[in-house]
Amino acid sequence: QVQLVESGGGLVQAGGSLRLSCAASGRTFSNFAMGWFRQAPVKEREFVAAISWSGGSTDYADSVKGRFTISRDNAKNTVYLQMNSLKPEDTAVYYCAADPSKAYGSRRAAEYLYWGQGTQVTVSS
């Protein structure tokens, strides 16, 4: 079993920055591919970013590429999402997810086995 706890969400003005953290416990974190997803009201959950178990490979949705950066610190069992140049359309609940079966993170939510409870990000215009 793996527990994931997100933090770092909040209210920010457009153009601002936030850094989300996701702390993992319960199993060997360094063996997991990790991903960030988000879900806005009345919308489906969508892929944001993913990172391989080693941190050497990353993937981003086109909508956040160049503005968001995913990273991980395996010594701290934590994955991060640095979000810069935030836009009102980035407003959503952000979730981190863990996939213990693959080395590289997927864009498909269904492939992730463990999920955090989510953290709200609100970007005002």
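Residues numbered from 1 in each chain as written. Predicted model: local features only at pLDDT ≥ 70, side-chain atom pairs only at ≥ 80, totals over all residues. Heavy atoms only, no water.

Undergrad: How should I be thinking about the overall build of the protein chain in this particular structure?
TA: Per the secondary structure count, the protein chain includes 0 helices and 11 strands. In sequence order, the protein chain lays out its α and β elements as β-β-β-β-β-β-β-β-β-β-β. Its C-alpha atoms give the protein chain a radius of gyration of 13 Å, near enough to 14 Å, the size a compact globule of 125 residues would have. Considering the protein chain as a whole, with its 125 residues, one finds that 43% of them fall into the buried category. Intrachain contacts of the protein chain at a sequence separation of at least 6 include 60% that bridge at least 24 residues. When the accessible surface of the protein chain is split by element, carbon and sulfur atoms take 47% of a total near 6,100 Å². Side-chain charges in the protein chain split into 13 positive and 10 negative, and the spacing between the mean points of these groups amounts to 3 Å. (Helix = DSSP H or I, 4+ residues; strand = E, 2+ residues; numbered from the N terminus. Rg over C-alpha atoms; globule rule 2.2 N^0.38 Å. Buried < 20%, exposed > 50% of the residue type's maximum accessible area, 1.4 Å probe, protein only. Contact = heavy atoms within 4.5 Å. Areas by Shrake-Rupley, 256 points an atom, 1.4 Å probe, with all protein chains shown as cover. Lys, Arg positive; Asp, Glu negative; His and termini not counted. Charge placed at Lys NZ, Arg CZ, Asp CG, Glu CD.)

Undergrad: Explanation requested: the sheet that holds strand 8 (residues 78-83) in the structure shown.
TA: Paired through their backbone hydrogen bonds, the strands of a sheet run either parallel or antiparallel. Pairing in this open sheet of 4 strands is antiparallel, and the strands run 1-3-8-7 from one edge to the other. Only two strands of the sheet have a single neighbouring strand rather than two, namely strand 1 (3-7) and strand 7 (68-73). Strand-to-strand, the axes of this sheet are offset by a mean angle of 15°, without reference to chain direction. Here 6 bridges tie strand 7 to strand 8, and the two strands are oriented antiparallel to one another. By the bridge assignment for strand 8, Thr69 is matched with Gln82. (Pairing = 2+ DSSP bridges. Axes fitted to C-alpha atoms, helices over the stretch in contact; angles between N-to-C directions.)

Undergrad: Honestly, the pattern of salt bridges in this entry has me stumped. Any pointers?
TA: Side-chain pairing between opposite charges can occur once the charged atoms of the two side chains come close. Considering all chains together, one arrives at 8 salt bridges under this definition. Here Arg107 and Asp59 are joined by a salt bridge, their closest N and O atoms 2.7 Å apart. Here Arg107, found in the loop between strand 9 (92-99) and strand 10 (114-115), pairs with Asp59, found in strand 6 (residues 58-60); they are 48 residues apart in sequence, far enough to count as distant. Arg107 gets classed as partly exposed once you look at its relative accessible area, which sits at 43%. Glu111 is paired through a salt bridge with Lys102; the nearest N and O atoms lie 3.3 Å apart. (Salt bridge = Lys/Arg side-chain N within 4 Å of Asp/Glu carboxyl O.)

Undergrad: Can you help me understand the state of the cysteines in this one?
TA: Linking two cysteines covalently via their sulfur atoms produces the bond known as a disulfide. Throughout the structure, instances matching the rule amount to 1 disulfide. In this model Cys22 forms its disulfide with Cys96; the gap between the sulfur atoms is 2.0 Å. Its S-S torsion of about 50° marks the bond between Cys22 and Cys96 as right-handed, since a negative value means left-handed. One end of the pair, Cys22, is in strand 3 (residues 18-25); the other, Cys96, is in strand 9, and 74 residues separate them in sequence. Both residues of the pair, Cys22 and Cys96, belong to the buried class. (Disulfide = S-S within 2.5 Å.)

Undergrad: Just to check I follow, could you spell out the environment of Asp59 for this structure?
TA: The partly exposed category is assigned to Asp59, whose relative accessible area is 23%. Distance from Asp59 to Ile70, taken between C-alpha atoms, is 8.5 Å for residues 11 residues apart in sequence. Ignoring anything within four residues of it in the chain, the contact list for Asp59 reads Phe47, Val48, Ala49, Ala50 and Arg107. At 2.7 Å, the side chain of Asp59 and the side chain of Arg107 are in polar contact. (Polar contact = N/O pair within 3.5 Å; in protein donor to acceptor, adjacent residues only side chain to side chain.)

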